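Architecture at a glance
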Amino acid sequence: MKSLLRVVPFVLLMLLVPVLLSCGGGSVARDPNSLDPPIAVAIADQYVVLGAGGSHQFTATVTGSSNTNVTWSLSGCTGDACGMITSTGLYTAPAVILTEAAVTVTATAQADPAKADSASVKQMPITVSISPADAWVAPGGTTDFTASVRYDPQHAGVIWALGPVCSGGCGTLSNVAPASVTYAAPASLPGSPTIKLTATSVTDSRKKAEIAINVSTAG
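Residues numbered from 1 in each chain as written. Predicted model: local features only at pLDDT ≥ 70, side-chain atom pairs only at ≥ 80, totals over all residues. Heavy atoms only, no water.

Remarks on the overall build of the chain
Along the backbone of the chain there are one helix and 17 strands. Counting only residues that meet the buried cut, the chain has 31% of its 219 residues in that class. Pairs at least 24 residues apart make up 58% of the contacts formed inside the chain by residues separated by at least 6 positions. Of the accessible surface of the chain, which amounts to about 13,000 Å², a share of 58% is contributed by carbon and sulfur atoms. (Helix = DSSP H or I, 4+ residues; strand = E, 2+ residues; numbered from the N terminus. Buried < 20%, exposed > 50% of the residue type's maximum accessible area, 1.4 Å probe, protein only. Contact = heavy atoms within 4.5 Å. Areas by Shrake-Rupley, 256 points an atom, 1.4 Å probe, with all protein chains shown as cover.)

So, in structure tokens, the structure goes:
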């Protein structure tokens, strides 16, 4: 009888342990599927090309946190060459761009500074080209040319010029416009049959294009 009395409390204890654990009396492993998702940041536009003074509105999405705010920053550049970015992600390129350059735009999660995403901005200087790229014109003949100016924030076009020095006359320019011109060859063959036509950007005189016009009786 005494041995039975000793066994009964032990049995009751073993029966109560699962109940106590289910009521918070002990630690229970947490279901991994119930964990909150990790914080992540994603910038919508990963690659942007801008000319001088151009701007682009970047947006970033933060998941895994109720705090969806980000901090914007620039890297891969120094000083004014970086351009500017506001606290809302509006990026503006420098007012002057002399050569191609790349700037990194980064959005960092305020909820977790270790989480960020980056995008690239390619800064492009003004470029000028003339079409056609070369031409043959008979003495007294005419040819039309057009200029293409890219990444010009002012859209100001070009200044046309012949020369600078021509032996026996360069010919003349007419119908002069910011993006087009008509060239008229001299009536007789010039001493130098190759005439240079130059288109210089109005916005940045350092940017220009130059082609050769061949004045000849044989094409």
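Having seen the structure, we can now continue with the description.
As for the pairing of strand S15 (residues 180–184)
When you tally the buried positions in S15, you get four out of five residues, the bulk of the element. Taken together, the five bridges between strand S12 (residues 142–150) and S15 define a ladder with antiparallel strand orientation. Bridging from a neighbouring strand, Thr146 pairs with Ser180 of S15. Across four bridges, the pairing between strand S14 (residues 172–177) and S15 is antiparallel. Note that in S15 the partner of Ser174 across the bridge is Thr182. Connecting S14 to the antiparallel partner S15 that follows it, the hairpin turn spans two residues. (Pairing = 2+ DSSP bridges.)

Comments concerning the side chain of Lys207
Relative to the assigned elements, Lys207 resides in the loop between strand S16 (194–201) and strand S17 (208–215). Buried and unpaired, Lys207 has no salt bridge, with Asp204 as the nearest side chain of opposite charge at 5.1 Å. A polar side-chain atom of Lys207 sits 2.9 Å from the main-chain carbonyl oxygen of Leu98. (Lys, Arg positive; Asp, Glu negative; His and termini not counted. Salt bridge = Lys/Arg side-chain N within 4 Å of Asp/Glu carboxyl O. Polar contact = N/O pair within 3.5 Å; in protein donor to acceptor, adjacent residues only side chain to side chain.)

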